[in-house]
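Descriptive structure summary
Listed below are the residues making up each chain.
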Amino acid sequence: MALTDSDNPASFFFKGETGRNTRGLLRLIILCTIAAAAVASRLFSVIRFESIIHEFDPWFNFRATKYLVQHGFYAFWDWFDDRTWHPLGRVTGGTLYPGLMVTSGSIYHLLRFLAMPIDIRNICVLLAPAFSGLTAFATYLFTSEMSESPSAGLLAAVFMGIAPGYISRSVAGSYDNEAIAIFLLVYTFYLWIKAVKVGSIMWGALTALFYGYMVSAWGGYVFITNLLPLHAFVLICMGRYSPRLYVSYTTWYALGTLASMQIPFVGFLPIRSSDHMAALGVFGLIQLVAFTEFVRYQLPTKQFQTLLRASVFLVFGGAFAGLVLLTLSGTIAPWSGRFYSLWDTGYAKIHIPIIASVSEHQPTAWPAFFFDLNMLIWLFPAGVYMCFRSLKDEQVFIVIYAVLASYFAGVMVRLMLTLTPVVCVAAAMALSQILDTFLVASSPEDNSTDTSSSKANGAPSTANGSANANAIKDKLAAAFSPDTLRSTKSPVVGIYSYLSKSLIAGAITAYLLLFVLHCTWVTSNAYSSPSVVLASKLPDGSQHIIDDYREAYYWLRQNTAPTAKVMAWWDYGYQIGGMADRPTLVDNNTWNNTHIATVGKAMSSREEVSYPIMRQHEVDYVLVVFGGLLGYSGDDINKFLWMVRIAEGIWPDEIKERDFFTSRGEYRVDDEATPTMRNSLMYKMSYYNYNALFPAGQATDRVRGSKLPAAGPELSTVEEAFTSENWIIRIYKVKDLDNLGRNHQEAGAFEKGNKRKKAGKRRGPRVLRVE
Amino acid sequence: MRLLPCALLGLTSLASAAADANLTHDASRNTLPPSTFTPPPHFRNVNLVRNINLEKSYPRETLNVVIENIAAQPQDAYYLAFEPGTLGQIGGLEAKDKKEPERTGFTAEAVEDSSSYYRITFPAPLPPNEQLTLSITYSTLAALTPLPAQINQNDKQYLHHAFSAYAPSAYATAKQKTKLKLPTTDVPDATTLPASLNAEGKEDPQKQGTSYTYGPYGEQAAGALQPASVRYEFTKPLTHSRLLERDIEVSHWGGNLATEERHWLTNRGATLKTPFSRVTYQQSAYYNPPSSALKELRFPLAVGSADAYFIDDIGNVSTSRFRSNLREANLEAKPRYPVFGGWSYSFKVGWNGDLGNYLRRVKGGAGESYVLKVPFLEGPKQAEGIEYERVVTRVVLPEGATNVHYETTIPLVSATTGLHRTFLDTRGRTTLTLTAVNVVDDWREERAALVVTYNLPVGARFRKPLALCAGALALFAVSWVVGNVDVRIGRASKGLVGGRKAA
């Protein structure tokens, strides 16, 4: 940046109006490159595997998008899905956040209109990377509002583009709400900061608009709903109330709440649920403050203070009492269970096992922060500290955001996602400070250069003036304008030695390169596996793809009746719906705990108990995941205890977790497994016929590393219908009732030629027919 | 022996027979026979030899018949009879003069309003008392049924084929013989006919290796049938394609011919008695016995084909291999699971080829005229054969192609041209959609070449770049106009301007 030589013909491009344009163009090119890098780093899975939807939830979103595209918007809005939660069904249109599907649906139709018939699957797969490019841009804008250094925005953009914390939820194929929500989150924040700075209704309204979009896209919108009021509240408490704040907050709240209530799933929550009460309270408060400000201009000080004290107490007391009353009477919904688990990490495990059973709801382990954010995590506090140095309205926002997001990220792994943007912004601010200080080739005396470049950079001038300038500005101002305050006058300090400059610059460069290396490595190794397709290496090093899930799902799709109901643990519900296109009993939506517990009970009970349950629910096929042959640890036997726990929550008398542990408290599947375990339907279905693969008595479970009982389990009420190549998916068909009215055990015994047990089966005395 | 009244046949008309009868490419013929159709007895079959080849998963029949015109006038139409109900399954019927195979002009079409006749038209009418040796070939789809219908996973599969020992004919037949060619010698059942019927006094069938002969038989009246059946081992899949859609896309700019095939397959073989057992399957994989399951599909592609893919409704099927070298290009595709009897599998395959191998520019034609020669049908090449119920081949020509003509040997049921809008087209590409029913994989590649000629004006080539440029310019213009609209309320303050700029 420090081009001093005015004789240089190239200097024409770096000075004056042309210089500004050149820099603008350069910035645009850099941003485009960052966006391209952001997109490219998310394509590992597409290149390594294929364009495929990942994991679990994305399969539902994909299915819903296909429904939207096929049946149109109104049918989607009113969608009652009778192919999930059989026989209850699900009011899908009213219980989802439609933003994601509508976004990809719109893109699909736009491309159709332009005669680019791109498959909806490809749009869904590439939506998250495309939006991550936009997120990088939004982060640039957001950071540019925070820092006057032009490099901060670009650094933040590039951090946001490749930080694994965000990539984890936005690789190609990870078609989940977060894919677009993070962009909306950052962009809404940017608009909010802009609105607070400018105090214009337009920016406030834009904030509300994007807030509405965010509400339609992700349940995490509550974060914005609480963060913006908190920001406003803190500003008021700091005595920084201004008409700008009033205009932007009231505009945002009024329009944003209306916008959010348009989503059926949200509905009247903004005025009825505790999660949204803070926003309402601050809305009331800001009216009061505005009124007070108004009165203060009208009244003498003494009277004013009395009035203020009285009215504040009155109004606050009244509002609080009203809130308590409404909560008690049930008009306002109390905090939701997921919300409680944010405050007490042990809460879910005791009260809502279904939430605790999801790995992404676990508290974050410390290494995860370094894993997901690498060097940003130690630059982050520095950035937050720098916000304190020039604590303008927008820096206050960063501080609040940083504190809240850090806490939440510590509580739940999944909320690392909301932390990542602020970490990127803060780290970029810190790093840009370092770079701006150390990367100047000329010595600090050469003021003209720095000034010209910093001026020409066109750092966005802010509406609330430049009362608090940052460090560089301070120095420059001190050196330049003699009429500033004495306290801001400071001697020119700076880095003179080229050695220290080059050392620091070299170290930072090394860190940045390592960061890129780390991000790429993490993305490539940890976050780019579709989990539907497993990869393994053959002895010769070539890649071998284990495609059991799709094999079995496609078998179901092609060779069973279209209305055949499939019972599987809820993890696989969305995949079965998406890939096998068959009705399921439970899925990842988990809206009905009892229904899930029913499936858990059927899986963890004896066949005699399970069979009537399956008959009652019209189950045709049962699907279990078994990793014993391959050593695939994410299988149903490992998840089995959660099934037991969830079932126990509803039927504590019939299912007891204790019965599945040996007397020494071990969870075993071998000879020493408890009878309850060995008679459970899940155990039987997992190991049925498995020992036929091995020499007698040699059957081994490679996940649990234990030798299985010599005699395999016998099944009488279900029969094996399909097993995938590596035995990962096993599908059983539920037998129809016996033709002769026997129960299945008897029928099975008869088939085998066993003698029917007569003992204890005493018939009563023969009665002659009398009429 | 029973005589079937023709009146009854007319009533039992099949929907697919009606589809077959939609042949209209012979414009000279517009007099249709009456609805309850009886062929006029103008001919006499002097000698008839019928070969039924059962080596593949569908019967292929060849009928060599010496016919004689016994009417007073020259005749140009010979009616070929089929057993009732089978007309909708007949496909790929071809007739030619056995003595002069080069002679062209024989056409064959199903007779409308009847359910059991094909009409074979000669290039020139046959004078009275003259003889002609016809060689008629056709195949019958879905004619073989597994018996027993349910078997165990590793059992042998037996097929049952019912036929008539007397070839169905609309005319009296003086002498005839039916020969069966079976795939193996494992034939548990074959209908035995008494020696009294046989002209040479032998008991039928006469076996010689894998060929079974019924006949010769003496004079038979028109419509005479003698039911017979054979059951033989055939432990191979009965691959039946319910629908095959083929897209052939011509790109002049890219010099590329992209082919995509969408298959909907079913195995018509014997279903599994007990559900599928992976253990049994894995154990049998070691010695790889013949199986009624469809395990692999091989697509021999044209040399130089590239970028082959094999996907289905839920993504790439990772069990495929594509080998391409200077001599051959093979796509070996394994379905996700072995397709046992009664199971289905649907998928897509596609590949690219160099357009230069298929397209030639016509010299001396008016404007830019091109000839495209592509196979009507490719699909997998299986030893046991595949039958296609319906094949829809769509040739997508470049945008602006006009004057489209086509020529093919395969009997078609419909041919339409339309527009297909894709990849930033402004008007849409000219497409030619051809439909054939009841096709077997005999017709792969060379036998069923499809020759399409079309004109492509030079201007049509530049339509898309120009349209794109115009679109981009319009976009810039609109964004410039929008960017200059002042939406501020009231007078602008300095701070506001700065704020807007930064945004």
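No experiment lies behind these values; they were computed from the predicted model shown. (Residues numbered from 1 in each chain as written. Chains lettered and ligands numbered in written order. Predicted model: local features only at pLDDT ≥ 70, side-chain atom pairs only at ≥ 80, totals over all residues. Heavy atoms only, no water.)

Residues and elements named next belong to chain B. Looking at the secondary structure, you find P125 in strand 7 (residues 117–126). When the C-alpha atoms of P125 and Q75 are compared, they prove to be 5.0 Å apart, with 50 residues separating the residues in sequence. Excluding anything up to four places from it in sequence, P125 contacts P74, Q75 and D76. (Helix = DSSP H or I, 4+ residues; strand = E, 2+ residues; numbered from the N terminus. Contact = heavy atoms within 4.5 Å.)

Strands pair in a sheet through their backbones, by hydrogen bonds, and they do so in one of two ways: parallel or antiparallel. Residues and elements named next belong to chain B. Ordered by their spatial adjacency, three strands build an open sheet running 21-25-24, and the pairing between neighbours is antiparallel. In this open sheet, the two strands that pair with only one neighbour each are strand 21 (297–301) and strand 24 (320–324). Pairwise comparison of adjacent strand axes, ignoring direction, gives a mean angle of 10 degrees for this sheet. Strand direction decides the pairing type here: strand 24 and strand 25 (residues 329–333), joined by five bridges, are antiparallel. Bridging from a neighbouring strand, R323 pairs with N330 of strand 25. (Pairing = 2+ DSSP bridges. Axes fitted to C-alpha atoms, helices over the stretch in contact; angles between N-to-C directions.)

Okay, the interface of chain B and chain A next. At the junction of the two partners, chain B supplies 31 residues and chain A supplies 36 residues. In total, about 3,000 Å² of surface goes out of reach between chain B and chain A, with carbon and sulfur atoms giving 57% of it. Our count for the chain B to chain A interface comes out at three salt bridges. We note a salt bridge from D547(A) to R336(B), for which the minimum N-O separation is 3.2 Å. Seen at the junction of chain B and chain A, the total is 18 residue pairs in polar contact (both at pLDDT 80 or more). Counting residues per element, the ones that place at least two in the side of chain B that touches chain A are helix 3 (278–284), strand 23 (315–316), strand 26 (344–354) and helix 6 (494–502) of chain B. Per-element accounting of the side of chain B that touches chain A gives the leading share, five residues, to helix 6 of chain B. Tallied by class, the residues present in the side of chain B that touches chain A amount to 13 nonpolar, 11 polar and seven charged. (Buried area = accessible area lost by both parts, 1.4 Å probe. Salt bridge = Lys/Arg side-chain N within 4 Å of Asp/Glu carboxyl O. Polar contact = N/O pair within 3.5 Å; in protein donor to acceptor, adjacent residues only side chain to side chain. Nonpolar A, V, L, I, M, F, W, Y, C, P; charged D, E, K, R; others polar.)

Residue and element names in this part refer to chain B. Taken together, four strands build an open sheet; the order of strands is 27-28-33-30 and the sheet is antiparallel. Each edge of the sheet is formed by a strand with only one pairing partner; in this case those strands are strand 27 (359–361) and strand 30 (402–408). Between one strand and the next, the sheet's axes are offset by a mean angle of 20 degrees, whatever the strand orientation. Inspection of the sheet shows strand 30 paired to strand 33 (residues 449–455) by five bridges, in the antiparallel sense. Within the sheet, the bridge partner assigned to Y406 lies in strand 33 and is V452.

Attention shifts here to the pairing of strand 11 (residues 158–164) of chain B. All names here are of chain B. With five of seven residues buried, strand 11 is to be regarded as a mostly interior element. Direction of pairing for strand 9 (residues 145–146) relative to strand 11: antiparallel, over a ladder of two bridges. Paired with T145 across the bridge in strand 11 is H160. Across seven bridges, strand 11 lies against strand 17 (residues 227–233) in antiparallel orientation. Looking at the pairing, Y158 lines up with E233 of strand 17. (Buried < 20%, exposed > 50% of the residue type's maximum accessible area, 1.4 Å probe, protein only.)

Here we come to unusual backbone geometry. Residues and elements named next belong to chain B. With an omega of 0 degrees, the peptide bond running from L147 to P148 counts as cis. Considering the arrangement of structural elements, one finds P148 in the loop between strand 9 and strand 10 (150–151). For the bond running from D204 to P205, omega is -5 degrees, close enough to zero to count as cis. If you trace the backbone, P205 turns up in the loop between strand 13 (189–190) and strand 14 (206–208).

What follows covers the side chain of S344(B). Relative to the helices and strands, S344(B) is located in strand 26. If we skip the residues at most four places from it in the chain, S344(B) touches Q558(A), N559(A), R242(B), L265(B), T266(B), Y337(B) and V339(B).

This part takes up helix 6 (residues 120–146) of chain A. Residues and elements named next belong to chain A. For helix 6, which comprises 27 residues, the first-to-last C-alpha distance of 38 Å matches the rise-based estimate of 39 Å (1.5 Å per residue) to within 8%. At L127, helix 6 is deflected by roughly 40 degrees, the largest bend along its length, and proline P129 occurs up to four residues later in sequence. Counted residue by residue, helix 6 has 22 buried out of 27 residues, so it is predominantly covered. (Expected span 1.5 Å × (residues − 1). Bend = angle between axes of the 7 residues up to and from the residue.)

Looking now at the pairing of strand 33 of chain B. Residue and element names in this part refer to chain B. Of all seven residues in strand 33, five are buried, a share of seventy percent or more. Sheet topology note: the strand 28 (residues 369–375)/strand 33 ladder contains seven bridges and is antiparallel. Its bridge partner being in strand 33, K373 is matched across the sheet by V451.

This part takes up the packing of aromatic side chains. Under the criterion given, the structure shown has 76 aromatic pairs over all chains. For the ring pair Y211(A) and W252(A), a centre distance of 5.2 Å and an interplane angle of 70 degrees mean the geometry is edge-to-face. In this pair, Y211(A) is assigned in helix 10 (residues 201–217) and W252(A) in helix 12 (residues 243–260), connecting sequence segments 41 residues apart. For Y211(A), a relative accessible area of 3% gives the class buried. In this structure, R231(B) is placed above the aromatic ring of Y158(B), and the distance from its NZ or CZ to the ring centre is 5.1 Å. Positioned above the aromatic ring of Y554(A), the side-chain terminus of R336(B) is 5.8 Å from the ring centre. (Phe/Tyr/Trp six-rings, centres within 6.5 Å; stacked < 30°, edge-to-face > 60°. Lys NZ or Arg CZ within 6 Å of the ring centre and 35° of its normal.)

A word on the pattern of salt bridges. Across all of its chains, the model carries 60 salt bridges over all chains by this definition. For D97(B), the salt bridge goes to R103(B), with nearest N and O atoms at 3.2 Å. For D97(B), a relative accessible area of 4% corresponds to the buried category. The class of R103(B) is partly exposed, set by a relative accessible area of 27%. One network of salt bridges, in which partners are shared, links E145(A), E148(A), K194(A), K197(A), K392(A) and E394(A).

Our focus in this paragraph is the environment of A75(A). By secondary structure assignment, the location of A75(A) is in helix 4 (residues 73–77). The spatial distance from the C-alpha of A75(A) to the C-alpha of G93(A) is 8.4 Å, given a sequence separation of 18 residues.

What follows covers a nonpolar patch on the surface. Together, M202(A), W480(B), V481(B), V485(B) and V487(B) give the surface a local cluster of nonpolar side chains, amounting to about 500 Å² of exposed area. By secondary structure assignment, the location of V487(B) is in the loop between helix 5 (463–483) and helix 6. (Patch = residues over 30% accessible without salt bridge, like charges linked within 9 Å, V, L, I, M, F, W, Y side chains within 5 Å. Areas by Shrake-Rupley, 256 points an atom, 1.4 Å probe, with all protein chains shown as cover.)

All names here are of chain A. Summarising the element assignment, L88 is placed in the loop between helix 4 and helix 5 (99–113). Separated by 497 residues in sequence, L88 and L585 place their C-alpha atoms 8.6 Å apart. Apart from the residues lying within four places of it in its own chain, the contact partners of L88 are F80, W591, N592 and H595.

This part takes up the confidence of the model for chain B. Residue and element names in this part refer to chain B. For chain B, per-residue confidence averages 83 on the pLDDT scale, and 88% of positions sit at 70 or higher. Mean pLDDT across the secondary structure elements of chain B bottoms out at helix 1 (residues 6–11), with 35, and peaks at strand 19 (residues 256–267), with 94. Note on residues 1–35: pLDDT is under 50 here. Beyond four places in sequence and across chains, it has 54 contacts. In the model, residues 494–503 has pLDDT below 50 throughout and makes 16 contacts with residues more than four positions away in sequence or in other chains. (pLDDT = per-residue confidence, 0-100.)

Moving on: helix 30 (residues 636–650) of chain A. Residues and elements named next belong to chain A. With 15 residues, helix 30 extends 20 Å between its outermost C-alpha atoms, agreeing within 8% with the 21 Å of an ideal straight helix rising 1.5 Å per residue. What helix 30 keeps buried is the set D636, I637, K639, F640, L641, W642, M643, V644, I646 and A647. In this structure, the buried side of helix 30 is in contact with helix 18 (353–356), helix 28 (593–604), strand 4 (619–625), helix 31 (675–679) and helix 32 (681–687).

As a further point, take the packing of helix 22 (residues 416–438) of chain A against helix 25 (residues 498–526) of chain A. Residues and elements named next belong to chain A. At a minimum axis separation of 9 Å, helix 22 and helix 25 run at an interaxial angle of 145 degrees. Regarding helix 22 and helix 25, the two cross each other, and that crossing is left-handed. From helix 22, L431, I434, L435 and F438 reach across to helix 25, where they touch S500, K501, I504, I508 and L512. The class makeup of the residues in the contact of helix 22 with helix 25 is seven nonpolar, one polar and one charged. (Left-handed = near helix turned anticlockwise from the far one by under 90°.)

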